[in-house]
Amino acid sequence: MAAGKTFDVAVIGSGVFGAWSAWHLAQRGQRVVLLDAYGPSNARASSGGESRIIRMGYGSDELYTRFSQRSLQQWKEFFAATGQKFFHKTGVLWLAGADDSRVRQSMATLKHCAVAFEEMETPELARRYPQVSFERVTRGFLEPESGVLMARRAVAAVAEDAVKKGVEFRIAKAETPRGSEGLAALKCSSGETVVARQFVFACGPWLGKVFSELLGQRIFPSRQEVFFFGVPAGDARFSPPALPTWLFQEDEYYGMPDIEGRGLKIALDHHGERVDPDVQQRIVTIEEARVVSDYVAKRFPALGNAPIVETRVCQYENTSNGDFLIDRHPEMENVWLVGGGSGHGFKHGPAVGEYVADRLMNKGAAEPRFSLKTKETVQHRTVF
Ligand SMILES: Cc1cc2nc3c(=O)[nH]c(=O)nc-3n(C[C@H](O)[C@H](O)[C@H](O)COP(=O)(O)OP(=O)(O)OC[C@H]3O[C@@H](n4cnc5c(N)ncnc54)[C@H](O)[C@@H]3O)c2cc1C
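The structure presented is a predicted model; accordingly, all values stated were derived computationally and were not measured. Throughout this document, residue positions are counted from 1 along each chain, in the order its sequence is written. Since the coordinates come from a predicted model, pLDDT governs what is reported: local features require at least 70, and pairs of side-chain atoms require 80 or more to be given and counted, while whole-chain, interface and lining totals use all residues. Values reported for side chains reflect all heavy atoms of the structure, with hydrogen atoms and water molecules removed beforehand.

## Let's talk about the site of the ligand
And step 1. Any residue with a heavy atom lying within 4 Å of a molecule or strand is counted as near it. Within the structure, the ligand sits among 38 residues, and Asp36, Ser47, Ile53, Cys314 and Glu317 are positioned closest to it.
And step 2. For the purposes of these results, a polar contact is taken to be a pair of N or O atoms within 3.5 Å, where, inside protein, one atom must be able to donate a hydrogen and its partner to accept one; residues adjacent in sequence count only when each atom of the pair is a side-chain atom. Between valine 16 and the ligand, the recorded distance is 3.2 Å, taken from a backbone N or O atom to an oxygen atom.
And step 3. Within the contact set of the ligand, a nitrogen atom lies 3.0 Å away from a backbone nitrogen or oxygen of alanine 37.
And step 4. In the shell around the ligand, the residues fall into 19 nonpolar, 14 polar and five charged. Note on residue categories: nonpolar means Ala, Val, Leu, Ile, Met, Phe, Trp, Tyr, Cys or Pro, charged means Asp, Glu, Lys or Arg, and polar means any other residue, Gly included.

## Here's the deal with the environment of proline 350
And step 1. Counting from the N terminus, the helices are DSSP H or I runs at least four residues long and the strands are E runs at least two residues long. Of note, proline 350 is situated in helix H9 (residues 349-360).
And step 2. Look at proline 350 and you get buried, because its relative accessible area is 0%.
And step 3. Considered as a pair, proline 350 and phenylalanine 67 are 283 residues apart in the sequence and their alpha carbons are 8.7 Å apart.
And step 4. Not counting chain neighbours up to four residues away, the residues in contact with proline 350 comprise Trp20, His24, Ser71, Gln74 and Trp75. Relative accessibility thresholds used throughout: buried, under 20% of the residue-type maximum; exposed, over 50%; partly exposed, between the two (1.4 Å probe, protein chains only). Residues count as neighbours in contact if any of their non-hydrogen atoms are within 4.5 Å of one another.

## Some details on the pairing of strand S18 (residues 335-339)
And step 1. Extensive coverage of S18 is indicated by the burial of five of its five residues.
And step 2. Burial along S18 is two-sided: Val335, Leu337 and Gly339 and Trp336 and Val338, pointing in opposite directions, are all buried.
And step 3. Of the strand pairs in this sheet, strand S11 (residues 193-201) and S18 are connected by three bridges, and their pairing is parallel. For phenylalanine 199, the partnering residue across the bridge sits in S18 and is valine 335.
And step 4. The pairing criterion for strands is at least two bridges between them, as found by DSSP. One ladder, built from four bridges, connects strand S17 (residues 325-328) with S18; its direction is antiparallel. Within the sheet, the bridge partner assigned to aspartate 327 lies in S18 and is leucine 337.
And step 5. Between the end of S17 and the start of S18, which pair antiparallel, lie six residues.

## Structural notes on the packing of helix H1 (residues 16-27) against helix H2 (residues 62-82)
And step 1. Contact geometry for H1 and H2: axes closest at 14 Å, N-to-C directions at 70°. Comparing the axis directions of H1 and H2 gives the class roughly perpendicular. Note on element contacts: H2 touches H1 through Gln74, Trp75 and Phe78, opposite Val16, Trp20, Trp23 and His24.
And step 2. Of the residues assigned to the contact of H1 with H2, the class counts are five nonpolar, two polar and no charged. In this analysis, axes come from line fits to C-alpha atoms, helices being fitted only over the stretch in contact, and the angle between any two N-to-C directions falls in the range 0 to 180 degrees. What sets the label is the angle itself: under 35 degrees gives roughly parallel, over 145 gives roughly antiparallel, 65 to 115 gives roughly perpendicular, and the rest give oblique.

## A closer look at the environment of alanine 297
And step 1. Within the secondary structure, alanine 297 sits in helix H8 (residues 286-299).
And step 2. Relative accessible area serves as the criterion here: at 29%, alanine 297 is assigned to the partly exposed category.
And step 3. C-alpha of alanine 297 to C-alpha of serine 133: the two residues are 164 residues apart in sequence and 9.5 Å apart in space.

## Considerations on the packing of H2 against helix H5 (residues 151-164)
And step 1. At a minimum axis distance of 11 Å, the contact between H2 and H5 shows a crossing angle of 65°. Comparing their axes, H5 and H2 come out roughly perpendicular. In terms of crossing hand, the pair formed by H2 and H5 is left-handed. Residue-level contacts link Trp75, Phe78, Phe79 and Thr82 of H2 to Ala154, Ala157, Val158 and Asp161 of H5. Crossing handedness is defined as follows: a turn of the near helix away from the far one that is anticlockwise and smaller than a right angle gives a left-handed crossing, while the clockwise case is right-handed.

## Regarding the packing of aromatic side chains
And step 1. In this scheme Phe, Tyr and Trp rings, the latter by its six-membered ring, pair at centre separations within 6.5 Å, and the angle between planes marks the pair as stacked below 30 degrees, edge-to-face above 60, and tilted otherwise. Enumeration according to the criterion identifies 23 aromatic pairs in this entry.
And step 2. Ring geometry for phenylalanine 17 and phenylalanine 324: centres 5.5 Å apart, planes at 70°, overall edge-to-face. One end of the pair, phenylalanine 17, is in helix H1; the other, phenylalanine 324, is in the loop between strand S16 (308-318) and S17, and 307 residues separate them in sequence.
And step 3. Look at phenylalanine 17 and you get buried, because its relative accessible area is 8%.
And step 4. Residue class for phenylalanine 324 comes out buried when judged on its relative accessible area of 0%.
And step 5. Taking 5.0 Å as the distance between ring centres and 85° as the angle between the ring planes, the aromatic pair formed by phenylalanine 201 and phenylalanine 211 counts as edge-to-face. Of this pair, phenylalanine 201 sits in strand S11 while phenylalanine 211 is found in the loop between helix H6 (207-210) and helix H7 (212-215), placing the two residues 10 residues apart along the sequence.
And step 6. On the basis of relative accessible area, phenylalanine 201 is assigned to the buried category, the value being 0%.
And step 7. Relative accessible area serves as the criterion here: at 4%, phenylalanine 211 is assigned to the buried category.

Okay, structure coming up:
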């Protein structure tokens, strides 16, 4: 770090939230340094997966529908400006079981927010997608404009573009900041210090480690296993446009078609055990591999014997109810806490970055649902 240099903002963490925060701050002329212990969208980061869903439906949660709308627009503009193809418009298909209330709430909110969707009863679903078994599915709707972001590469591209806009990027591990009023200089494990007027800790699942007293019981990192199943040779039924991305909340499963030849992606949205992102092993368990293989065989009968061609182990960084945490530190007024993506945060990176830049530059109103005081120490998930 250049000795004596004072930045306007130091952003700690170059996952999707930190990278987009740095990008928006640089866009507004702020002098920004972006630090990451392991690098942008590294293999341990929650943003480090191959792919993430971007959908507009959030039940009756208009806040996140609007954030998704704003984010999709920005992702598309960013990819167009930088010549990247990291958005696949696969469509996102919502499936409802016996309780279709959430799907109905989502459709009502989408209508209100002018998001295009197509409602389908089960016979129409079966006609459109004969490669899927719709057992226990009562209805569904398709968001035709939504799809999949190629997560790891998209974040790397945002960080790279932020550097082109003047952001200084450093591999460095920030130590826990201490101070009673404000933070003047941040210490790194290398012994270096970073001097800035404001500090944004966008440390994802590490937030509870960096601020153990404050957030250790308020951020719940959960182990999540992801599987890719090999599709039959020469068979396009499991690739877009034949198969969209899909979610079936009643079963707690979601999946994506075969994108870029990686295979049919599928994962359980159920929260796994509590983990430490630095040391958790990234090897899937035989038990979950069996459970997921059985599910694939039932939902996609032609994939009954499909091999698992790739796996990933990641972690969600859950808050008590799934609402983001974007607020000032209660004691250090120039320190900001940004995270709590809670298994659904990736898509919102651009809108979160914009919101963070607004807050740091005293623009716009604070969203009460992002406040620290709403974050409990017992989990009760309400945002999906
Ligand atoms: C399996 C899985 C599937 C998901 N699916 C979806 C989906 O389909 N759609 C969706 O929208 N979201 C999804 N999510 C959620 C989404 O990926 C996360 O909410 C989002 O990536 C969180 O980003 P982040 O920037 O907060 O954290 P991270 O990406 O984890 O970034 C935090 C960064 O901080 C750095 N860091 C930590 N501590 C320090 C320190 N002391 N000093 C310096 N650097 C530090 C880390 O190295 C890391 O790079 C999914 C998550 C998982 C795990």
